[in-house]
Amino acid sequence: MPETEKSLLQELLRQEEALQFSHFSNAIALDLGLGIVRAAERASQAVLVDIRFGDLQLFQHAMEGTNPDNVDWVRRKNNVVRRFARSSFYMGTLYRSKGTDFDTATGLDPREYAAHGGAFPLRIRGAGLVGTVTVSGLPQAEDHALAVAVLKTLV
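What you see is a predicted model; the values in this text were computed from it and never measured.

This part takes up helix H3 (residues 68-84). An ideal rise of 1.5 Å per residue puts 24 Å on 17 residues; H3 measures up with 25 Å between its terminal C-alpha atoms. All buried positions along H3 are accounted for by Asn70, Val74, Arg76, Lys77, Asn78, Val80 and Val81. Buried residues along H3 sit in contact with strand E1 (48-53), helix H4 (88-97), helix H5 (102-106), strand E3 (119-124), strand E4 (128-136) and helix H6 (140-154). Taking the backbone nitrogen of Asp69 as reference, a side-chain oxygen 2.7 Å away marks Asn67 as the first, capping residue of H3. A positive phi of about 55 degrees marks Ala85, the residue just after H3.

This is how it looks when you write it as structure tokens:
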């Protein structure tokens, strides 16, 4: 495995370990969602933001410049996090580091799963995965980085 992929995988795992909540609420979801929207606005970026607690959608906002494809990307990225309990960016990077791709290696339908950056697991420390925050509209590393940057301000 190339050193850059190895270090990226380690950093993604560190993020998941560090960015866990002591509790999660609808108010936290709102702060997270609005924080991502404001950060995207400051950077003149257009994204769709989605936050879910289990199956319940607590927040979604589509900025000017997004489209229905972004909704589908969110759904497919969320499916990856829900199935593997890892960020969608981690899962895509993991399979690329093995010289394959997520779709081929897992056999999962690419119309239902997208291992591209942007969906991040929401965890409560000691309780595990409780939801997802997902960003769609930028290159995958930027979708991921936007979600992580705002999570760091709230955890």
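Of note, His144 is situated in helix H6. A sequence separation of 24 residues divides His144 from Phe120, and the C-alpha atoms of the two residues are 7.3 Å apart. When residues no more than four places from it in sequence are discounted, the contact partners of His144 are Leu12, Gln15, Ser87, Phe89, Gly117, Gly118 and Phe120.

Rules of the game
Residues numbered from 1 in each chain as written. Predicted model: local features only at pLDDT ≥ 70, side-chain atom pairs only at ≥ 80, totals over all residues. Heavy atoms only, no water. Helix = DSSP H or I, 4+ residues; strand = E, 2+ residues; numbered from the N terminus. Expected span 1.5 Å × (residues − 1). Buried < 20%, exposed > 50% of the residue type's maximum accessible area, 1.4 Å probe, protein only. Contact = heavy atoms within 4.5 Å. Polar contact = N/O pair within 3.5 Å; in protein donor to acceptor, adjacent residues only side chain to side chain.

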